[in-house]
Every structure is written in C-alpha cells, then in structure tokens.
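Below, each chain spelled out in residue letters.
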Amino acid sequence: MNKLECTIFRGGTSKGVFINEENLPSDKGLWDEILLSVMGSPDVRQIDGLGGATSTTSKVAIISKSDNPDWDVNYTFAQVSIDKPIVSYKGNCGNISSAVGPYAIEKGLVEVTSPETVVRIYNTNTKKIIYSHVQTPDGKVSYDGDFCIAGVTGTSSVVKLAFKDPAGAMTGKLLPTGNVVDAVDVPGYKSVEVSLVDSSNPLIFVRASDVGLTGKELPDEIDSNKDMLERLETIRGLGAVMLGFIDDYKESAEKSPGVPKLTIVAEPSTYTNVNGNVIEEKDMDLLGRMMSMQLTHKTYALTGALCTATAATIEGTIVNQVVRKGFNPESLNIAHPGGLMQNGVECNIDKDGNRDVPWVYGYRTSRMIMDGTVYYK
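Scoring rules and cut-offs
- Residues numbered from 1 in each chain as written.
- Predicted model: local features only at pLDDT ≥ 70, side-chain atom pairs only at ≥ 80, totals over all residues.
- Heavy atoms only, no water.
- Core = buried A, V, L, I, M, F, W, Y, C linked by side-chain atoms within 4.5 Å.
- Buried < 20%, exposed > 50% of the residue type's maximum accessible area, 1.4 Å probe, protein only.
- Helix = DSSP H or I, 4+ residues; strand = E, 2+ residues; numbered from the N terminus.
- Contact = heavy atoms within 4.5 Å.
- Phe/Tyr/Trp six-rings, centres within 6.5 Å; stacked < 30°, edge-to-face > 60°.
- Lys NZ or Arg CZ within 6 Å of the ring centre and 35° of its normal.
- Salt bridge = Lys/Arg side-chain N within 4 Å of Asp/Glu carboxyl O.
- Pairing = 2+ DSSP bridges.

A.B. asks: Can you walk me through the nonpolar core in this structure?
C.D. replies: General note: in soluble globular proteins, nonpolar side chains tend to be found buried as a group. Phe18, Ile63, Val73, Tyr75, Phe205 and Leu332 are the most contacted members of the largest nonpolar core, which totals 53 residues. Counting residues per element, this core draws most heavily on helix α7 (residues 302-312), at seven residues. In contact with Phe205, not counting residues within four places along its chain, are Glu193, Val194, Ser195, Val197, Thr263, Val265, Cys307, Thr308, Ala311, Ile318 and Val319. In this structure, Val194, Leu232, Ile264 and Met284 belong to the second largest nonpolar core, which totals 30 residues.

Following this line, the structure appears as structure tokens:
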C-alpha cells in the first residue's frame with residue numbers, strides 16, 4: 001500500500017483530512033484517485049478510509065507555504081463525494097478554513113506571535129484571501145477556551161475568520177445575474193423566485209414557503225422526503241445553469257455537486273433544534289436551512305452564512321425580504337438545525353448606488369484530532 005502523511009482537524013462543524021501539498025504528486029491529475037482512496041470513496045459508509053460518511057466529514061484541505069508576500073499559505077479545498085468517484089474543487093468550505101491557520105502553525109509554515117497569530121490564507125478555489133486570527137499564547141496554538149458554536153459539544157478558543165473582498169468569489173459578480181430576484185420554472189412543480197448571490201461562495205436562496213417548507217424543519221425530515229430532495233436539487237441545478245457552471249440542470253449532482261449551495265430561508269420563528277433545545281424567535285434574525293451534496297446540511301456552512309449575511313443587506317433579495325427588520329449587519333444571527341450562528345458583514349454603497357463588500361467575518365473553533373500516516377490503495 002501507499003502511505004501519506006496527514007492530519008485530521010475539526011474545523012467548525014466540519015471535519016477533514018489536512019495534507020501538505022509537497023507530499024502529493026506535482027501532477028494534480030493524480031490527486032483525485034489518491035483522495036478518493038484516502039477517504040474510502042465511493043462507498044456510502046466510507047468504511048475503508050478516513051471519511052465519515054457525511055458531506056461535512058468527507059473533506060480535504062491541501063496546504064502549502066506561500067512564496068507570495070501578500071499571503072502566508074495556499075489552501076485548496078476538496079469536497080470528496082461519498083457514493084460517487086467525484087472530487088470537487090469548486091468553491092470553498094468556511095468551516096474547514098477555520099482549521100487552516102492552526103494547521104499552518106502546527107506544521108511550522110508561518111511565524112508565530114503571542115498572544116495571537118494572524119495567518120493570511122489564499123484560497124485557490126475562490127482566489128480570495130482569508131485572515132485567520134488564531135489564539136497562540138506562549139507561541140503555541142491554544143485549543144482551550146470558553147467559546148462555543150452550535151453543532152459542536154463543549155467549548156474551545158475562538159478563531160475569527162475575516163474574508164477580504166468576498167464578492168464574486170466564483171462568478172466575478174456579487175449578483176451574477178444582475179438581478180436581486182429571478183424566477184425559475186421548476187419542471188413538474190411551478191415557477192419559484194430565487195436570489196443568486198456570490199459572496200465567499202455562490203448561493204441560490206429560495207423562500208421556504210415557495211417550496212412547501214416552513215424553514216423550521218430538521219435534516220431528517222427533509223432528507224426522508226424524496227420528492228422534496230428532488231425538487232430542491234432541481235432548483236439548485238437550474239441555478240447552476242444560470243451561473244454557467246453546467247449546461248443541463250439534470251447533471252448538477254454529477255458535474256457541480258457542491259456549488260451553488262441551495263439555501264432555504266424564512267422569517268424568524270421559534271423552533272426546536274436537533275438537540276431538543278428551543279430556539280426563541282427573539283434570538284434570531286432569520287431561519288436558514290442549507291443543502292450540501294444533495295442532502296440537508298446538519299448545521300450551516302460558514303461561507304454560506306457569510307453569503308447569507310451579505311444577501312441580507314441587499315435590498316430586495318429573498319433573504320432581505322425575510323430577515324428581521326432593523327437587524328445589525330455586523331452581528332447577524334442565523335437559526336439553523338443545530339442552533340444559532342453569528343456572522344458579520346461590512347457593506348458600503350457609494351453615491352451612484354454601487355455596493356462594495358470589503359469584509360465578511362465569522363467565528364469558529366477548531367481542534368487537531370490526529371497527526372500521522374494514512375495508508376491508501
């Protein structure tokens with residue numbers, strides 16, 4: 001068997017395998033086969049690899065030291081399909097991004113400062129820079145702290161992620177179609193209003209009531225409804241066609257499985273999360289349910305949350321229509337299946353009405369779980 005040095009990190013509410021790029025072949029055409037074997041795909045259980053049989057635990061981060069003075073490390077995100085021989089490099093994962101800084105420090109790829117180290121990360125997928133603020137008292141990564149995030153048990157030290165100039169991460173435009181709302185004709189259903197917004201990652205937003213949902217559903221409820229899954233994937237596929245990612249919406253799961261991410265939003269309303277805790281209407285700014293690799297995200301993707309925060313500030317979008325009036329854009333609370341997620345966005349509008357988004361930011365935690373060698377076929 002072949003072997004490869006790697007590290008497993010939990011980043012936010014995701015978990016992934018972190019690999020130093022210098023340990024992979026220089027021919028990137030060979031990466032897919034290696035990553036599929038490392039994760040144990042295709043297999044719904046990923047029993048013969050490191051994957052965790054969910055979209056949030058079948059992720060890979062490939063890191064290298066940068067020779068560009070504008071950033072410290074290069075970071076390529078790979079979403080490894082569970083049941084298909086597919087590795088997608090389209091888009092980024094914000095949760096996994098939260099562990100890139102700690103990994104770079106642990107591996108000596110950056111200079112450490114105390115009490116905090118700011119790691120400048122260049123995401124090759126979106127060609128955007130992320131500033132990761134990592135707690136490093138005494139020159140070492142601290143994983144102990146009192147910050148908690150919904151979807152992860154216990155507490156840890158906070159990692160602040162600031163995404164610079166996030167607009168147009170994959171399409172080059174904040175509003176790829178030029179419209180705040182578009183209509184898509186869903187075969188076998190009806191015409192549905194959507195908003196396509198590209199900030200940190202491209203998302204297609206739809207109002208929960210327009211697809212037959214309340215926005216308070218938990219993942220198992222949505223995932224057990226095959227007709228609903230097909231409807232949502234069709235809408236996502238139509239969005240992918242509008243963005244130019246694919247030509248036929250029926251090929252979305254094969255050719256563009258990870259982006260755009262379909263996100264279902266609704267007005268604030270009290271609900272019970274996956275842990276049985278009641279999340280009060282007064283504590284949230286909107287309800288959000290996100291799809292990930294054709295199933296419901298168990299919590300909420302960080303880049304998706306950053307895009308949601310951005311969309312909330314754009315008058316007329318689906319998100320802007322349902323968000324709590326008078327919300328604070330620097331502290332937007334999204335209510336997802338696991339609980340609440342706080343994010344911020346800075347937006348400027350000039351005298352001509354042009355919108356500039358210099359920063360979006362979120363708060364995560366991370367932890368190194370394993371450091372060693374993986375054997376693959």
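On we go.
A.B. asks: How should the packing of aromatic side chains be read in this particular structure?
C.D. replies: Each pair of aromatic rings is reported with the distance of its centres and the angle of its planes. For the coordinates displayed, the defined rule picks out six aromatic pairs. Its end group placed over the ring of Tyr361, Lys160 keeps NZ or CZ at 5.2 Å from the ring centre. Above the ring of Tyr271, the side-chain terminus of Arg289 is found at 4.8 Å from the ring centroid.

A.B. asks: Is there a simple way to think about the pattern of salt bridges in this case?
C.D. replies: Applying the stated criterion across every chain, the model contains eleven salt bridges. The closest approach of N and O atoms between Asp210 and Arg207, which form a salt bridge, is 2.8 Å. Neither residue differs from the other here; Asp210 and Arg207 are each classed as buried. For Asp285, the salt bridge goes to Arg324, with nearest N and O atoms at 3.9 Å. Of this pair, Asp285 sits in the loop between β14 (278-279) and β15 (286-292) while Arg324 sits in the loop between α8 (318-322) and β17 (332-336); the two residues are 39 residues apart in sequence, bridging distant segments of the chain. Arg324 gets classed as partly exposed once you look at its relative accessible area, which sits at 27%.

A.B. asks: Please explain α7 as it appears in this structure.
C.D. replies: Every α-helical turn comprises 3.6 residues, leaving residues that sit three or four positions apart pointing alike. With respect to burial, α7 is a largely interior element, eleven of its eleven residues being buried. By the burial criterion, the buried members of α7 are Leu302, Thr303, Gly304, Ala305, Leu306, Cys307, Thr308, Ala309, Thr310, Ala311 and Ala312.

A.B. asks: Hey, could you run me through the pairing of β17 in this one?
C.D. replies: As a general feature of sheets, a regular strand has side chains that alternate between the two faces. β17 sits mainly inside the fold: five of its five residues count as buried. Every second residue of β17 is oriented toward a common face, with Leu332, Ile334 and His336 on one face and Asn333 and Ala335 on the other, all of them buried. Two elements, β15 and β17, share two bridges in a ladder whose sense is parallel. Within β17, the residue paired with Leu286 across the bridge is Ile334.

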